[in-house]
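Tertiary structure, described
In case you want the letters, here they are:
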Amino acid sequence: MASLKNLGVITLLLLLSLTVQKTWGKEDADGAGSDCGVPEIGSAEKASALKLKVIAIFTILIASILGISFPIIIREMPVFKPDGILFILVKALASGVILATGYVHVLPDSFECLTSPCLPEYPWAKFPFATFIAMVAAVLTLMMDSVALSYYRKHGMSKREAENDEGCGHGHGHSHGVGAKKLDEGASKLLRYRIIAQVLELGIVVHSVVIGLSMGASENARTIKPLIAALCFHQFFEGMGLGGCILQAEYKAKMKAVMVFLFSVTTPFGIALGIALTHVYSDNSPASLIVVGVLNAISAGLLNYMALVDLLAADFMGAQLQSNMKLQMWALMAVLLGVGGMSVMAKWA
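Residues numbered from 1 in each chain as written. Predicted model: local features only at pLDDT ≥ 70, side-chain atom pairs only at ≥ 80, totals over all residues. Heavy atoms only, no water.

Scanning the chain from terminus to terminus reveals twelve helices and zero strands. Counting from the amino terminus, the chain carries its helices and strands in the arrangement α-α-α-α-α-α-α-α-α-α-α-α. Counting every position in the chain, which comprises 349 residues, the buried fraction comes to 47%. Put simply, of all contacts in the chain between residues at least 6 apart along the chain, 87% involve residues at least 24 apart. On the chain, roughly 17600 Å² of surface is accessible, and the fraction owed to carbon and sulfur atoms is 68%. (Helix = DSSP H or I, 4+ residues; strand = E, 2+ residues; numbered from the N terminus. Buried < 20%, exposed > 50% of the residue type's maximum accessible area, 1.4 Å probe, protein only. Contact = heavy atoms within 4.5 Å. Areas by Shrake-Rupley, 256 points an atom, 1.4 Å probe, with all protein chains shown as cover.)

This part is about the pattern of salt bridges. In this structure the tally under the stated criterion is three salt bridges. Here Lys91 ties to Asp315 by a salt bridge, and the two come within 3.5 Å at their closest N and O atoms. You can see Lys91 sitting in helix H4 (residues 85-114) and its partner Asp315 sitting in helix H10 (residues 286-316), a full 224 residues away along the chain. A salt bridge links Arg192 to Asp310; its shortest N-O distance comes to 2.4 Å. You can see Arg192 sitting in helix H7 (residues 173-217) and its partner Asp310 sitting in helix H10, a full 118 residues away along the chain. We classify Asp310 as buried; its relative accessible area is 3%. (Salt bridge = Lys/Arg side-chain N within 4 Å of Asp/Glu carboxyl O.)

With that out of the way, let us pick up the packing of H4 against H10. It is the contact of H4 with H10, at a shortest axis distance of 8 Å, that shows an interaxial angle of 155 degrees. By the angle between their axes, H4 is roughly antiparallel relative to H10. In the packing of H4 onto H10, the handedness of the crossing is left-handed. Of the residues in the contact of H4 with H10, the class split is 18 nonpolar, eight polar and three charged. (Axes fitted to C-alpha atoms, helices over the stretch in contact; angles between N-to-C directions. Parallel < 35°, antiparallel > 145°, perpendicular 65-115°, else oblique. Left-handed = near helix turned anticlockwise from the far one by under 90°. Nonpolar A, V, L, I, M, F, W, Y, C, P; charged D, E, K, R; others polar.)

Of note, Ala297 is situated in helix H10. The spatial distance from the C-alpha of Ala297 to the C-alpha of Phe111 is 8.2 Å, given a sequence separation of 186 residues. In contact with Ala297, not counting residues within four places along its chain, are Ser110, Ala130, Ile133 and Ala134.

Now for the side chain of Gln328. Secondary-structure assignment places Gln328 in helix H12 (residues 325-345). Residue classification places Gln328 among the buried positions, given a relative accessible area of 15%. In contact with Gln328, not counting residues within four places along its chain, are Phe316, Leu321 and Gln322.

The geometry of a pair of packed helices is captured by two quantities: the angle between their axes and the separation between those axes. One way to put it is that H4 packs onto helix H8 (residues 221-249) with a least axis distance of 8 Å and a crossing angle of 125 degrees. What the angle tells us is that H4 and H8 run oblique. H4 and H8 meet at a crossing whose hand is left-handed. Facing Phe87, Val90, Lys91, Leu93, Ala94, Val97, Ile98 and Thr101 of H4, the residues of H8 in contact are His234, Phe237, Glu238, Met240, Gly241, Gly244, Leu247 and Gln248. For the contact of H4 with H8, the per-class residue count stands at nine nonpolar, five polar and two charged.

Counting all residues, the mean pLDDT for the chain is 79, and 77% of those residues have values of 70 or more. Per-element averaging of pLDDT across the chain places helix H2 (residues 24-31) at the bottom with 42 and H12 at the top with 92. pLDDT under 50 marks residues 1-5. Its contacts with residues more than four places away, or in other chains, come to six contacts. Under a pLDDT of 50 for its full length, residues 15-34 has, in the predicted model, 26 contacts with residues more than four places off or in other chains. (pLDDT = per-residue confidence, 0-100.)

Further remarks concern the nonpolar core. Taken as a class, soluble globular proteins show a tendency for nonpolar side chains to be buried jointly. Counting residues in hydrophobic clusters, the biggest one holds 48 residues, and the most contacted among them are Ala197, Leu200, Leu242 and Ile246. At eleven residues, the largest contribution of residues to this core is made by H4. In this structure, Trp124, Ala130, Ile133 and Leu213 belong to the second largest nonpolar core, which totals 21 residues. (Core = buried A, V, L, I, M, F, W, Y, C linked by side-chain atoms within 4.5 Å.)

Put simply, Tyr122 and Pro123 share a cis peptide bond, and its omega is 5 degrees. By secondary structure assignment, the location of Pro123 is in helix H5 (residues 121-124). One non-glycine residue, Glu250, adopts positive backbone phi at about 55 degrees.

In structure tokens form, the structure reads like this:
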């Protein structure tokens with residue numbers, strides 16, 4: 001449910017930016033030159049773009065559902081168990097996609113917005129806001145990870161120890177304590193997976209709403225056509241990475257359904273919102289540039305931290321890959337394939 005609240009906050013910020021830009025954006029666009037104005041597009045082009053955007057809503061929705069559901073649905077197959085070789089390779093591929101999304105797609109978009117000539121030179125041209133905000137977002141993610149784990153270990157384990165003391169006698173205290181320690185280690189690992197899944201979904205949801213809004217507001221059919229294929233690829237493999245994390249988190253069916261739903265609908269929701277606000281929203285208005293740029297920078301920081309620290313480092317430094325050099329090389333190749341494929345997509349999206 002935390003992700004649902006965050007989605008509401010993001011939508012509110014975007015709507016606020018659209019309201020502000022009616023006055024501020026129009027005034028600045030008039031004085032900033034033709035590059036900051038709204039380009040004239042014919043009615044036939046607009047109609048063609050609208051058809052493509054409606055197609056995009058459904059194709060991206062299907063790709064998102066398939067991607068995030070794939071690891072969850074096939075979990076009963078032995079080769080796709082969370083500790084299986086194929087699962088590790090697919091997760092490595094998806095982690096590479098998420099890493100490239102942060103570095104090659106989201107962060108450059110933030111740079112483009114926050115260094116736009118449509119913004120006042122001071123302070124936007126005087127300080128690297130995009131990388132600064134991404135860095136702060138990554139550090140805050142680290143703090144959230146650390147505080148959540150510390151809180152659980154302090155309060156959750158104390159409660160377990162109290163229950164264990166009540167349930168065991170003097171003769172079985174040592175063996176029971178060993179069992180409790182193993183149980184606590186497993187519970188701590190499970191909590192870690194759950195934190196990873198929720199924070200990763202937050203970063204993806206922020207980015208998905210923004211790219212959906214941008215596509216929905218666009219009226220250039222030639223731009224939208226390649227975007228549909230690129231975003232379907234993007235959502236499918238990003239969904240596989242998130243689906244793998246949800247699977248490892250061992251959520252109950254209701255929570256899994258909520259997380260699958262939120263991931264699947266955010267980009268189509270953003271497109272629909274962009275279509276509805278086509279006559280109000282302007283990509284080049286100062287308020288829109290600032291809000292979208294800041295949200296993209298936050299998303300980039302979250303995705304880069306999660307991909308490098310919680311996904312790739314955790315797996316590659318783990319016992320399973322460290323004890324099997326052949327598997328480690330295959331996993332590295334899967335990461336490079338994910339990074340390379342997603343980087344090529346940057347040409348269109």
